[in-house]
Amino acid sequence: MKPHLERLRPSADSSWSMLNRRLDDGIPFQWHHHPELELTLTLNSRGERFIGDHIGPYDDGDLVLVGSNLPHTWCSAERIDTERPHVALVLWFRPEWVEALDATFTELAAARTMLMSARPGLKFSPHFAAQARPLIEAVFTEAPEDRLLRAIRILTLLARDTEAKPLSSTLAVPAPGQGDRARLDRVLDHIHLNYAENLPVDVLAGLAALSPSGLHRLFGRHLQTTISDYVMRLRIGEACALLSATDRPIAYIAGEVGYASLANFNRQFKALKMRTPRDYRNSFRTRR
């Protein structure tokens, strides 16, 4: 389940990007990431939200800020009003755009701090999401200069949300150190391509040109997790997608994501999601 790198191009008359996405057939599972931070308001839709290692339900009015290069996707289950499409209103901000806020406008320090804290993803409270909704909807009808002012107003509003919740417990992209970043990129690419297979630590360490102990330290320093925990979360995340989107037997899904033992799969799934795979599937279906 390697996330696809999506490359976004801002319009010629704007320093940031936006998309009014309307889908009759549903929001598909498209695991991807991009350097831009992403603010997504989902309307007339409910289903599952996947951000980093977070998996949770979303409903009409869900508002989330996704950090730079954090893998994410939405997967819809149903439209609330069957006569209208699923809607995702998306605003994208490049990292350098965010950095310029702090460097240029002292008044926007709180907004910049909020954007920087979005590395694991942020879910905004229903109260602030409801306040931001008409502002976000209006963005798509305005001239470029008015859109910019509206975007800043949205960000300063959301920066006041003290109840915004982080979503992912791990970050997909290591932050500092160009050399460390290149090493980790090679290892993470291999893990995301082969997470369902056996992943010997010495092979991963070889990709990073490190000793196994050096790779463990690198993972802990930049991702705040262990290699085995990172792989486990990827496997369980893919299992959740398969449980929610397909009718495949649980034992089959366990094998698909890399578990030779169904008992071990059930144990790790429950430890991470606080419920069994069957309970997870059933709870998802009750929302359809």
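## As for the nonpolar core
At step 1: By size, the foremost hydrophobic cluster in this structure holds 35 residues, and its most contacted members are Ile191, Leu215, Phe219, Phe265 and Phe269.
At step 2: Put simply, the parts of the chain that give this core at least two residues each are α5 (178-194), α6 (201-208), α7 (212-223), α8 (227-245), α9 (250-256) and α10 (262-273).
At step 3: Counting residues per element, this core draws most heavily on α8, at eleven residues.
At step 4: In this view, leucine 215 contacts Val187, Val201, Leu204, Ala205, Ala208, Leu210 and Ile227; residues no more than four positions away in its chain are not counted.

## Focus on the sheet that holds strand β2 (residues 17-23)
At step 1: In spatial order, the strands read β2-β9-β4-β7-β10-β11; together these six strands make up an open sheet with antiparallel pairing. For this open sheet the edge positions go to β2 and β11 (165-166), each flanked by a neighbour on one side alone.
At step 2: Across seven bridges, β2 lies against strand β9 (residues 86-93) in antiparallel orientation. Residue pairing for β9: leucine 23 is matched across the bridge by histidine 86.

## Side note on the side chain of asparagine 44
At step 1: For asparagine 44, the location among the structural elements is in the loop between β4 (37-43) and β5 (45-51).
At step 2: Note on asparagine 44: relative accessible area 2%, which makes it buried.
At step 3: One polar contact links the side chain of asparagine 44 to the main-chain amide nitrogen of aspartate 81, over a distance of 2.7 Å.
At step 4: Of the polar contacts made by the side chain of asparagine 44, one reaches the backbone oxygen of proline 85; its length is 3.0 Å.
At step 5: Each residue touching asparagine 44, except ones within four places of it in the same chain, is listed here: Asp60, Glu78, Arg79, Ile80, Asp81, Arg84, Pro85 and His86.

## Re the confidence of the model for the protein chain
At step 1: In the predicted model, the protein chain carries a mean pLDDT of 85, and the fraction of residues at 70 or more is 90%.
At step 2: Between the elements of the protein chain, mean pLDDT differs from a low of 50, seen in strand β1 (residues 4-5), to a high of 97, seen in strand β7 (residues 62-66).

## Details of the packing of helix α2 (residues 109-116) against helix α4 (residues 144-158)
At step 1: Here α2 crosses α4 at 75°, and the two axes come no closer than 8 Å. Relative to α4, the element α2 lies roughly perpendicular. Between α2 and α4, the contacting residues are Ala111, Met114 and Leu115 on the first element and Leu155, Thr156 and Leu158 on the second.
At step 2: Classifying every residue of the contact of α2 with α4 by side-chain character gives five nonpolar, one polar and no charged.

## Quick notes on the pattern of salt bridges
At step 1: Under the counting rule described, the total for this entry stands at nine salt bridges.
At step 2: Between arginine 150 and glutamate 142 there is a salt bridge, and its shortest N-O distance comes to 2.4 Å.
At step 3: Each of the salt bridges in this network shares a partner with another, and the network as a whole consists of Arg46, Asp59 and Glu78.

## Side note on the side chain of lysine 273
At step 1: Structurally, the position occupied by lysine 273 is in helix α10.
At step 2: A relative accessible area of 17% places lysine 273 in the buried class.
At step 3: Each residue touching lysine 273, except ones within four places of it in the same chain, is listed here: Ile55, Ile236 and Cys240.

## A word on the environment of threonine 113
At step 1: Relative to the helices and strands, threonine 113 resides in helix α2.
At step 2: Given the relative accessible area of 51%, threonine 113 is considered exposed.
At step 3: Through-space distance from the C-alpha of threonine 113 to that of alanine 159 is 7.9 Å; in sequence the pair is 46 residues apart.

## A look at α6
At step 1: What α6 keeps buried is the set Leu204, Ala205 and Ala208. Around the axis of α6, the buried residues are gathered within 100° of arc, so they sit on the same side. Residues of α6 that are exposed and point over 90 degrees away from its buried face: Asp202 and Gly206.

Thresholds applied
Residues numbered from 1 in each chain as written. Predicted model: local features only at pLDDT ≥ 70, side-chain atom pairs only at ≥ 80, totals over all residues. Heavy atoms only, no water. Core = buried A, V, L, I, M, F, W, Y, C linked by side-chain atoms within 4.5 Å. Buried < 20%, exposed > 50% of the residue type's maximum accessible area, 1.4 Å probe, protein only. Helix = DSSP H or I, 4+ residues; strand = E, 2+ residues; numbered from the N terminus. Contact = heavy atoms within 4.5 Å. Pairing = 2+ DSSP bridges. Polar contact = N/O pair within 3.5 Å; in protein donor to acceptor, adjacent residues only side chain to side chain. pLDDT = per-residue confidence, 0-100. Axes fitted to C-alpha atoms, helices over the stretch in contact; angles between N-to-C directions. Parallel < 35°, antiparallel > 145°, perpendicular 65-115°, else oblique. Nonpolar A, V, L, I, M, F, W, Y, C, P; charged D, E, K, R; others polar. Salt bridge = Lys/Arg side-chain N within 4 Å of Asp/Glu carboxyl O. Arc of directions from axis to C-beta.

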